[in-house]
Amino acid sequence: MQYRQTRAAIALFLFILAFGFIWLVNGEFTAEFVMVITGRTATVGWSAHLVITAIEIAPALLAPFVVGLPRRIIALLWLFSLPFGVFDVLSSAVGVAPWLSWTGAAGVPAHIQNTFAAEIIGFLPERMIMWLLLVARNVLRGER
């Protein structure tokens, strides 16, 4: 492997670690939320996080292969994954609220800041990890 490839691989690995950490934080929020509302164990909470992650990234993974399908089927896939994304963001918004109390925001501004942070925590890591892994594969193969 060449020097530039090595540097790129290390940089990609660091980004994957950073987004992996955000994904784990999101998982902690989701697991705690599931545990509180269902009274089940952490295993059930983390299982819910894994299922939600799989359903959230499924449309992106399937997109290249559903070219010939009617648009209503594609819209149905997106609509099916939407409630899982909403649950993911809701659990992250509830989980991030104590961490953002230092801002002093209350009422609607607090809900806006919590939801904004939850959107980043809830949706960004899965897709970024997926794309960064694809780029890492290309870098390690020597492709551009």
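Further up the page is the structure itself.
Per-chain numbering applies: the sequence of each chain, read as written, is numbered from 1 onward. For a predicted model such as this one, the threshold for reporting local features is a pLDDT of at least 70, and the threshold for listing and counting side-chain atom pairs is 80 or more; totals across whole chains, interfaces and linings nevertheless cover every residue. Excluded from the side-chain calculation are hydrogens and water; included are all heavy atoms of the structure.

Asks: Please explain the nonpolar core as it appears in this structure.
Replies: Burial of nonpolar side chains together is a common tendency in soluble globular proteins. Listed in full, the 7 residues of the largest apolar core are Leu12, Ile16, Phe19, Ile129, Leu132, Ala136 and Val139. Secondary structure elements are taken from DSSP: a helix is a run of H or I of four residues or more, a strand is a run of E of two residues or more, and numbering for both begins at the N terminus. Breaking this core down by element, the ones donating at least two residues are helix H1 (3-38) and helix H4 (108-141). Here this core gets 4 residues from one element, more than from any other, and that element is H4. The contact criterion used is simple: two residues touch if any of their non-hydrogen atoms lie within 4.5 Å. Not counting residues within four places of it along the chain, the set of residues in contact with valine 139 comprises Gln5, Ala8, Ala9 and Leu12. Only buried residues count toward a nonpolar core, which is a set of Ala, Val, Leu, Ile, Met, Phe, Trp, Tyr and Cys residues joined through side-chain atoms within 4.5 Å. Think of it in three bands: residues with accessible area under 20% of the maximum for their type are buried, residues over 50% are exposed, and the middle band is partly exposed, with areas taken using a 1.4 Å probe on protein chains only. Grouped together as the second largest cluster of nonpolar side chains are 5 residues, Phe29, Val96, Leu100 and Ile121 included.

Asks: Honestly, the packing of aromatic side chains in this entry has me stumped. Any pointers?
Replies: For any pair of aromatic rings, geometry is given as the distance between the ring centres together with the angle between the planes. Between 30 and 60 degrees the pair is tilted, below 30 it is stacked and above 60 it is edge-to-face, where a pair is any two Phe, Tyr or Trp rings, Trp via its six-membered ring, whose centres lie within 6.5 Å. A full pass over the atoms with the stated rule returns 2 aromatic pairs. For the pair phenylalanine 33 and phenylalanine 87, a centre-to-centre distance of 5.4 Å together with 65° between the ring planes defines the contact as edge-to-face. One end of the pair, phenylalanine 33, is in helix H1; the other, phenylalanine 87, is in helix H3 (residues 71-96), and 54 residues separate them in sequence. A relative accessible area of 16% means that phenylalanine 33 is categorised as buried. Residue phenylalanine 87 is classed as partly exposed on the basis of its relative accessible area of 24%.

Asks: For this particular structure, what's the right way to read the packing of H1 against H4?
Replies: Relative orientation and spacing of two packed helices are given, respectively, by the angle between their axes and the distance between those axes. Close contact between H1 and H4 brings their axes to 9 Å; oriented N to C, the two are set at 155°. What the angle tells us is that H1 and H4 run roughly antiparallel. Seen from above, H1 lies across H4 with left-handed handedness. Asp, Glu, Lys and Arg are counted as charged, while Ala, Val, Leu, Ile, Met, Phe, Trp, Tyr, Cys and Pro are counted as nonpolar; the rest, among them Gly, fall into the polar class. Tallied by class, residues from the contact of H1 with H4 come to 20 nonpolar, 4 polar and 2 charged. Axis angles are defined between N-to-C directions and span 0 to 180 degrees, where every axis is a line fitted to C-alpha atoms and, for a helix, only to the segment in contact. Angular relationships are summarised with four words: roughly parallel below 35 degrees, roughly antiparallel beyond 145, roughly perpendicular across 65 to 115, and oblique for the angles in between. Each crossing is labelled by how the near helix is turned from the far one, with a counterclockwise turn of less than a right angle marking it left-handed and a clockwise turn marking it right-handed.

Asks: Sorry if this is basic, but what is going on with the packing of helix H2 (residues 42-62) against H3 here?
Replies: Viewed as axis vectors pointing N to C, H2 and H3 meet at an angle of 145°, and their least axial separation amounts to 9 Å. At the point where H2 passes H3, the crossing takes the left-handed sense. Contacts from Ile52, Ile55, Glu56, Pro59 and Leu62 of H2 reach H3 at Leu77, Trp78, Phe80, Ser81, Phe84, Gly85, Phe87 and Asp88. Class assignment for the residues of the contact of H2 with H3 results in 9 nonpolar, 2 polar and 2 charged.

Asks: What exactly am I supposed to notice about H4 here?
Replies: Each turn of an α-helix holds 3.6 residues, which means side chains three or four residues apart point in the same direction. Taking 1.5 Å of rise per residue, the 34 residues of H4 would be expected to cover 50 Å, and the 49 Å separating its terminal C-alpha atoms lies within 8% of that figure. Note on bend: at a given residue it equals the angle between the axes fitted to the 7 residues ending there and to the 7 starting there. Residue leucine 124 marks the point of greatest curvature in H4, where the axis turns by about 40°; the proline proline 125 follows within four residues. Phi turns positive, to about 85°, at glycine 142, one or two residues after H4. By this rule, a helix spans an expected 1.5 Å times one less than how many residues it contains.

Asks: Just checking my understanding: could you explain the environment of isoleucine 112 for this structure?
Replies: You can see isoleucine 112 is positioned in helix H4. What makes isoleucine 112 exposed here is its relative accessible area of 55%.

As far as function goes, none of this settles anything; it's purely spatial.
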